[in-house]
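One letter stands for each residue in the lines below.
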Amino acid sequence: MLRRENRKKRAFLTARCLIVGVAVGSVRAGSIGALFLVTMGFSGRASAQDAAAFFRQNCASCHTIGGGRTTGPDLKGAHERRSRAWLERFILDPPGTIASGDATATKLQREARGVVMPRVAGVTPTVVGQLIDLMRAESALERSQFAGMASAQRPLTRADEALGRALFSGARRLEAGGPPCMSCHTVRGLGALGGGRLGPDLTGTYGKLGGQQALATWLASPPSLTMQPVFKGHPLTPDEALGLVAYLKSAGSRGGAAETSSVNFVLLGLVGSIFSLVLFDFTWRRRFRAVRRPLVTGGKR
Amino acid sequence: MDVRSQISMVFHLDKCIGCHTCSIACKNIWTDRKGTEYMWWNNVETKPGTGYPTRWEDQEEYRGGWEVRGGKLRLRANGKAKIITNIFHNPSMPSMDDYYEPWTYEYSELIHAPEGPDQPTARPISMVTGEYIDIEAGPNWDDDLSGSPVYAENDPNLAALTPEQREQLFAIERLVFFYFPRICNHCLNPSCVASCPSGALYKRGEDGIVLLDQTRCRAWRACVSACPYKKTYFNWQTGKSEKCILCFPRLETGQAPACFHSCVGRIRYLGVLLYDASRIEEVATRPDEDLVEAHRSLVLDPFDPEVIAAARANGLHDSTIEAAQQSPVYKFVKVWKIALPPHLEFRTLPMLFYVPPLLPVMSSAETGKVANVSDGLFHVADESRMPIAYLARLLGAGNEGLVRYALRKQLAVRSFRRAATVGDVEKSAAERMLAEAGSSPEEADAIYRLTSLATFDDRFVIPPAHREEAIEMMKDPLQHKQEVGFGLSVAPRRGL
């Protein structure tokens, strides 16, 4: 009787699983369809504006069109310098192209002091085509909208550096509400406990990205996979970006890497724990400890 | 006047023989499950002694019950502010060690032990961890250990005695002890109910039994620290607290609770008391020495027409009022005034009353033999071997006069009966004693009957529970009336 009951229950469960499975499957098919529709829409009428927006968000941090070299090369006339097929292949998968031993790609990497262009999320053959079209159109203009930030060239001052330090450590808020750098990054000379360990140490970044203009444009819209979603809605103002550049420049000039602060950290933790234990013991000094055992072991109370 | 009914109890300590039958009856019915091994909803203690859990009466340590602060009643351990700040660590929580670690024995050792030079023994095993343990304590560990330096001398009630009295109490040949059976007092002002952050405890409206809702309990254990009598327990298996339920399933079917039913010495009485609920707070804030009388004044006369009218207005059934009129508890507490509540200074207003023990024979070993000190068989209450100060601390909230009154009346009744049955006491002397004790021959006869001759029905006057009325709230009893009777109340299961 019981077994039959169980079998029935199992059959019922299987049926339910099937139904749920089918339901989930159909939902997934629906979402693929939706994606397809979105892609179709993207390739439609609004493609020129979309491509410009895409460029600003993903490419402008390393490339200019007619603004000179930043981290990556100036793209003015790139469509003339390289074949369309090569451009398509490279933009779709830069690390792959470099790894394949392509001579042009290797040379470019050397010119960028080893910085490898990442694979950009959302790049499809359609998007690449539009980007190349955009490059051609913008190259033809006298001054492209992607010629780079005007303010990025002005000389850095002491005030910039102080502002950068305040922004980095969070002593001053970023205007658009982005999180302070220190929550994820550390840098040399930041203080006894250093900054966050989630992101990389930023001490050498100024040198690595190739100077003021490159770093300022990079900061204006960070393209990396982790930083892009964080700062997408909260972009830095040009002054903030320059301040941080100034701060990172002075940090980099000191050389080396950020001080390791784990000993300080452990010591502080230890002192904190002991302090709180003493505090707890004092606060609850009248707590119930034991009645029977002291009675028996100590004879009279 | 807010008249309510309460099932109340009287334990006659003079009759308790300390056999623990009540404890076993309770254990077999309610606490033989896993996680409840260490619980004794009913336990019997030896006084003077430290009891179970050890020194439970010491509220400096356990911080149970209420105290009056700024003219208002406050929980000693966990008022609202304290309960929030200490919700993850209750600083007044006794550990299992203060009760005892429950154990069983490895009986298979007796049969399967390898051959050896010594007798095989059954080693004790912890019922919590399953490991071998050395037994260090039990629920009645100090049984009969009067005078022991660890247990008897640490009784918190001894603080009421002078050093001289304490010395006398523990002198060889003068040792004295009595038994003190304890269950939940089903208090009028229960601190366990007040302390529960989840609202899991409640006092049943119809009969005042304090119950703990197992589905609402969230294991905060505030009740464990708040109960000054330490009569709520935490079940470490289910993660819920449990307590004495006064065998309400038995009560609802007209049977006495198991511990009452099984009592060998017939020391237990159960009946309804009508009380005035509107005065509880005022009574509970009285100074210690007035507490017992104030508590007694809460109990209303069930024959008073005004009380009866107010009771009816409050929805009390006539059968409950009738049961209150026949209640043996009412006689002991209110009419004869010989039953007193334990530790009323905890201010929970317990509804379990104790008749103080006489311990009459006063003896000494001055001549090398044990000899009676007082002239007659019965002594004077104030020369009782158990100092009145001690009993007053235990049962009178420190008020010796009330304890003395109860003892003298009992002595007078004994003399009166001695005169009637044996005749070695002058009848006139006995009647004079009765008059001095504020009693009369009629009352003495009634006390004697209810103490010595009482039947089940005299001792347990259980009001009908009227569950049929309660059921009407959830179901219509006439739902199937005039239906033809075909069909099934539970549909058959067919097919696969």
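The rules behind the values
Residues numbered from 1 in each chain as written. Chains lettered and ligands numbered in written order. Predicted model: local features only at pLDDT ≥ 70, side-chain atom pairs only at ≥ 80, totals over all residues. Helix = DSSP H or I, 4+ residues; strand = E, 2+ residues; numbered from the N terminus. Rg over C-alpha atoms; globule rule 2.2 N^0.38 Å. Buried ≥ 20, exposed ≤ 12 C-beta atoms within 10 Å, placed from the backbone. Contact = placed C-beta atoms within 7 Å. Nonpolar A, V, L, I, M, F, W, Y, C, P; charged D, E, K, R; others polar. Axes fitted to C-alpha atoms, helices over the stretch in contact; angles between N-to-C directions. Parallel < 35°, antiparallel > 145°, perpendicular 65-115°, else oblique. Arc of directions from axis to C-beta. Core = buried A, V, L, I, M, F, W, Y, C linked by C-beta atoms within 7 Å. Left-handed = near helix turned anticlockwise from the far one by under 90°. Pairing = 2+ DSSP bridges. pLDDT = per-residue confidence, 0-100.

A. Spatial organisation of the overall build of chain B. Broken down by element type, chain B carries 21 helices and 15 strands. For 496 residues, the compact-globule estimate of 2.2 N^0.38 gives 23 Å, and the C-alpha radius of gyration of chain B, at 25 Å, lies within 12% of that figure. Each principal axis of the C-alpha distribution contributes one length, and for chain B these read about 90 × 75 × 50 Å. The burial tally for chain B puts 45% of its 496 residues in the buried class. Excluding contacts between residues fewer than 6 apart, the proportion of contacts in chain B whose partners are at least 24 apart in sequence is 68%.

B. Summary view of the overall build of chain A. Along its length, chain A carries 14 helices and zero strands. Starting at the N terminus and walking to the C terminus, you meet the elements of chain A as α-α-α-α-α-α-α-α-α-α-α-α-α-α. Across the 301 residues of chain A, 26% fall into the buried class. Considering only intrachain contacts with a sequence separation of at least 6, the fraction spanning at least 24 residues in chain A is 68%.

C. Looking closely at the interface of chain A and chain B. Across the contact, 13 residues belong to chain A and 18 residues belong to chain B. The element best represented in the side of chain A that touches chain B is helix α14 (residues 292-297) of chain A, accounting for four residues. Looking at side-chain class alone, the side of chain A that touches chain B contains six nonpolar, one polar and six charged residues.

D. Just the packing of helix α17 (residues 400-421) of chain B against helix α19 (residues 441-453) of chain B, in detail. Residue and element names in this part refer to chain B. Running from amino to carboxyl end, α17 crosses α19 at an angle of 90°, the nearest separation of the two axes being 10 Å. Judged by the inter-axis angle, α17 sits roughly perpendicular to α19. Residues Ala 412, Val 413, Phe 416 and Arg 417 of α17 form the contact with α19, whose participating residues are Pro 441, Ala 444, Ile 447 and Tyr 448. Grouping the constituent residues of the contact of α17 with α19 by class yields seven nonpolar, no polar and one charged.

E. Representation of helix α18 (residues 427-436) of chain B in the model. All names here are of chain B. Those residues of α18 that sit buried are Ala 430, Met 433 and Leu 434. Seen end-on, α18 carries its buried residues on one side only, within an arc spanning 100°. Opposite the packed face of α18, turned more than 90 degrees from it, sit the exposed residues Ser 428, Ala 435 and Glu 436.

F. Here's a closer look at the nonpolar core. Core analysis: the largest hydrophobic core is formed by 124 residues, its most contacted members being Val329(B), Phe332(B) and Phe353(B). In terms of residue count, α17(B) provides more of this core than any other element does, nine residues in total. Excluding residues within four positions of it along the chain, Phe353(B) makes contact with Met9(B), Val10(B), Val329(B), Phe332(B), Val333(B), Ala339(B), Leu340(B) and Pro341(B). Counting residues in each nonpolar core, the second largest holds 38 residues, with Phe55(A), Ile91(A), Leu190(A) and Ala241(A) among its members.

G. The arrangement of the packing of helix α10 (residues 212-220) of chain A against helix α12 (residues 238-253) of chain A in detail. All names here are of chain A. Where α10 contacts α12, the axes come no closer than 9 Å and their chain directions differ by 130°. Considering their axes alone, α10 and α12 lie oblique with respect to each other. Here the hand of the crossing between α10 and α12 comes out right-handed. Contact residues: Gln 212, Leu 215, Ala 216, Leu 219 and Ala 220 in α10; Ala 241, Leu 242, Leu 244, Val 245 and Leu 248 in α12. Tallied by class, the residues present in the contact of α10 with α12 amount to nine nonpolar, one polar and no charged.

H. Representation of the pairing of strand β13 (residues 352-355) of chain B in the model. All names here are of chain B. Side-chain alternation along β13 places Leu 352 and Tyr 354 on one buried face and Phe 353 and Val 355 on a second face that is also buried. Bridge count between strand β1 (residues 3-12) and β13: four bridges; the pairing is parallel. In the sheet register, Met 9 faces β13, and the bridge partner there is Leu 352.

I. Representation of the confidence of the model for chain B. Put simply, chain B has an average pLDDT of 90, and 95% of its residues get 70 or more. Prediction confidence for the complex, expressed as pTM and ipTM, is 0.71 and 0.79 respectively.

J. Examining unusual backbone geometry more closely. Residues and elements named next belong to chain B. Of note, the amide linkage connecting Lys 47 to Pro 48 takes the cis form, showing an omega dihedral of -5°. Inspection of the secondary structure assignment puts Pro 48 in the loop between β2 (43-47) and α2 (59-62). Residue Pro 53 is reached from Tyr 52 by a cis peptide bond, and omega for that bond is -5°. Tracing the sequence through the fold places Pro 53 in the loop between β2 and α2. A positive phi angle is found at Arg 266, which is not glycine, with a value near 50°. Within the secondary structure, Arg 266 sits in the loop between α10 (258-262) and β12 (268-276). For Arg 266, a count of 17 C-beta atoms within 10 Å translates into the label partly exposed.

K. Highlighting the environment of Glu45(B). Residues and elements named next belong to chain B. Mapped onto the elements, Glu 45 comes out in strand β2. We classify Glu 45 as buried; it has 22 C-beta atoms within 10 Å. Between the C-alpha atoms of Glu 45 and Ser 126, which are 81 residues apart in sequence, the distance is 23 Å. With sequence-adjacent residues up to four places away left out, Glu 45 is seen in contact with Gly 51, Tyr 52, Phe 180 and Arg 182.

L. Region of the structure containing the sheet that holds β12(B). All names here are of chain B. Judged by pairing direction, the sheet is mixed, and its three strands sit side by side in the order β12-β1-β13 without closing on themselves. The two strands at the open ends of the sheet, each matched to only one other strand, are β12 and β13. Across the sheet, the axes of successive neighbouring strands diverge by a mean angle of 30°, strand direction being ignored. Note: β1 against β12, nine bridges, orientation antiparallel. Bridge pairing in β12 links Ser 8 to Gly 271. Relative to the sheet, helix α14 (residues 318-325) contacts β1 and β12, its axis offset from that of β12 by approximately 120°.

M. Looking closely at the environment of Ala171(B). All names here are of chain B. In this structure, Ala 171 sits in the loop between α6 (163-169) and β7 (178-182). Taking the C-beta count within 10 Å as the criterion, Ala 171 has 12 such neighbours and is therefore assigned exposed. Sequence separation between Ala 171 and Gly 147 is 24 residues, and the spatial gap between their C-alpha atoms is 7.9 Å.

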